[in-house]
Amino acid sequence: MARPIARGLLAAALFLAHSTAADLAPVRLPPTRPAAPVLWPVTRLANTDYVNASDLAERFGLRIERARSGSLLRLTDASGVRLVLEDHNRDCYLDGLRVFLGLPVLGAKGTLWVSKIDVIKLLAPLFRPIDHLQFFPANAPQTIVLDAGHGGSDPGKENKTVGVNEKTFTLDVVLRLKKLLEAQGWRVLLTRADDTRLASDQITDLQRRAGFANQNHADLFLSVHFNSAPSAITGIETYTMAPQFMLSTADDKRDEMTDKAFPGNKLDYANLLLGAQLHRALLAGLKTPDRGFKRGRLHVLRFIECPGALVECAYLSSDAEARRVATPEFREQIARALADGLKNYSAVLETLRPKPVSPVTPAPTSSHTK
Ligand SMILES: [Zn+2]
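Thresholds applied
- Residues numbered from 1 in each chain as written.
- Predicted model: local features only at pLDDT ≥ 70, side-chain atom pairs only at ≥ 80, totals over all residues.
- Helix = DSSP H or I, 4+ residues; strand = E, 2+ residues; numbered from the N terminus.
- Expected span 1.5 Å × (residues − 1).
- Contact = placed C-beta atoms within 7 Å.
- Core = buried A, V, L, I, M, F, W, Y, C linked by C-beta atoms within 7 Å.
- Buried ≥ 20, exposed ≤ 12 C-beta atoms within 10 Å, placed from the backbone.
- Pairing = 2+ DSSP bridges.
- pLDDT = per-residue confidence, 0-100.
- Axes fitted to C-alpha atoms, helices over the stretch in contact; angles between N-to-C directions.

**Digging into helix H5 (residues 202–215)**
Part 1 of the reasoning: Across its 14 residues, H5 extends 20 Å between first and last C-alpha, which sits within 8% of the 20 Å expected from 1.5 Å per residue.
Part 2 of the reasoning: Contact partners of the buried residues in H5: strand S10 (143–148), strand S14 (220–227) and helix H7 (299–302).
Part 3 of the reasoning: Of the residues one or two after H5, His-217 is the one with positive phi, at around 50°.

See below:
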């Protein structure tokens, strides 16, 4: 399910409408030295700790441009707009990606505020993963588990007008992606390789998919789905596990799940890096609307012990998009975009890792010096 476009986002969307595929090329983060742990100054507003947008800007070396009487802030540096925040909006734009926060941006005291949990568990690690290096997996990923959503008696979304269903397309994309990744040297395992499901009840089925990744010591887990919405919207969504204490994108208020930590939270920062790279690559490869990089406590992600993400590659509820997905060419495009995202994730991880120090070559000595 998708949420409607957040109110007032149009300006930011228009602002970013000139984005080209080049803008969406993977952002290679500068391998700067890890900073000391950041203690963010917080202010208590509406019973929640918030960080002032000015402190975000200062910490990340950004300038603030105000628009619409300050209800929209663009945080920029020499490379352009890095972050767009708008009062009341739960989504923001970070390096051109539409990223959903746990809580809406809050306008107060003449400026904008982002909740502390969103800063420390979402924006800061996405902005400066180098500061969170100790929480990333030590080794480059080699084994990936690909999970074709649904299967067997569970068809997933069906579009009767076009005569297609989700389970067939998820398997097709996963098989295409497997080939591409194996050609690049990955070890690829599938939760299902034919039209079956892993258990007759849905929760067990989803948990077994995660369990399969754990049993096989996967380095990455990717679940492939197609989306459904009551309206005729199109585009892509990417989900990663909601960090502990953060609302999932589908929720408006806290519940007993919000404060729980799951095994899938152990690698929250790597989840984010993976999700962002997959989302960026899908946008660049498919030239499709950005429905958002979101958080969810999805059953299939709760118990995985490696970084993981779930992608919704298109809306089968849209007849136009379902017809597009029905072509093998488009499904190959999806697989290629996902392969790009995985490659970019590995490449960014590699740039973050400290490089071995090469032995110092002694300066040539001259017999005349002593
Ligand atoms: Zn699905």
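After that view, the rundown keeps rolling.
**Brief notes about the nonpolar core**
Within soluble globular proteins, side chains that are nonpolar generally end up buried alongside one another.
Part 1 of the reasoning: Grouped together as the largest cluster of nonpolar side chains are 94 residues, with contacts concentrated most on Leu-85, Cys-92, Val-114, Val-311, Cys-313 and Leu-338.
Part 2 of the reasoning: Per element, the largest residue contribution to this core is 11 residues, and it comes from helix H6 (residues 268–286).
Part 3 of the reasoning: With sequence-adjacent residues up to four places away left out, Cys-92 is seen in contact with Leu-83, Val-84, Leu-85, Val-99, Leu-101 and Val-105.

**Examining the pairing of S14**
Part 1 of the reasoning: In terms of burial, S14 is largely enclosed, as eight of its eight residues are buried.
Part 2 of the reasoning: Side chains Leu-220, Leu-222, Val-224 and Phe-226 project from S14 onto one buried face, and the interleaved Phe-221, Ser-223, His-225 and Asn-227 project onto a second face that is buried too.
Part 3 of the reasoning: As defined by bridge partners, S14 adjoins strand S17 (residues 308–315) across six bridges and the pair is classed as parallel. Bridge pairing in S17 places Phe-221 opposite Gly-308.

**Remarks on the confidence of the model for the protein chain**
Part 1 of the reasoning: Here the protein chain averages 89 in pLDDT, and 86% of its residues register 70 or above.
Part 2 of the reasoning: This model gives residues 1–31 a pLDDT under 50, and the stretch forms 48 contacts once residues within four places in sequence are excluded.

**A word on the sheet that holds strand S1 (residues 43–45)**
Part 1 of the reasoning: The sheet built from four strands is open, its strands ordered S1-S2-S9-S8 with antiparallel pairing. At either margin of the open sheet sits one strand with a lone partner, and together these are S1 and strand S8 (106–108). Taken pair by pair, the neighbouring strands of this sheet meet at an average axis angle of 50°, ignoring direction.
Part 2 of the reasoning: Pairing geometry for S1 and strand S2 (residues 48–52), over three bridges, is antiparallel. Residue Leu-45 lies in a different strand from S2, and its bridge partner there is Thr-48.
Part 3 of the reasoning: Of the strands in this sheet, S2 and strand S9 (111–115) touch helix H2 (residues 53–60), which is tilted by about 75° from S9.
Part 4 of the reasoning: Strands in contact with helix H3 (residues 116–127) are S2 and S9; relative to S9, the strand with the most contacts, it is inclined by about 65°.

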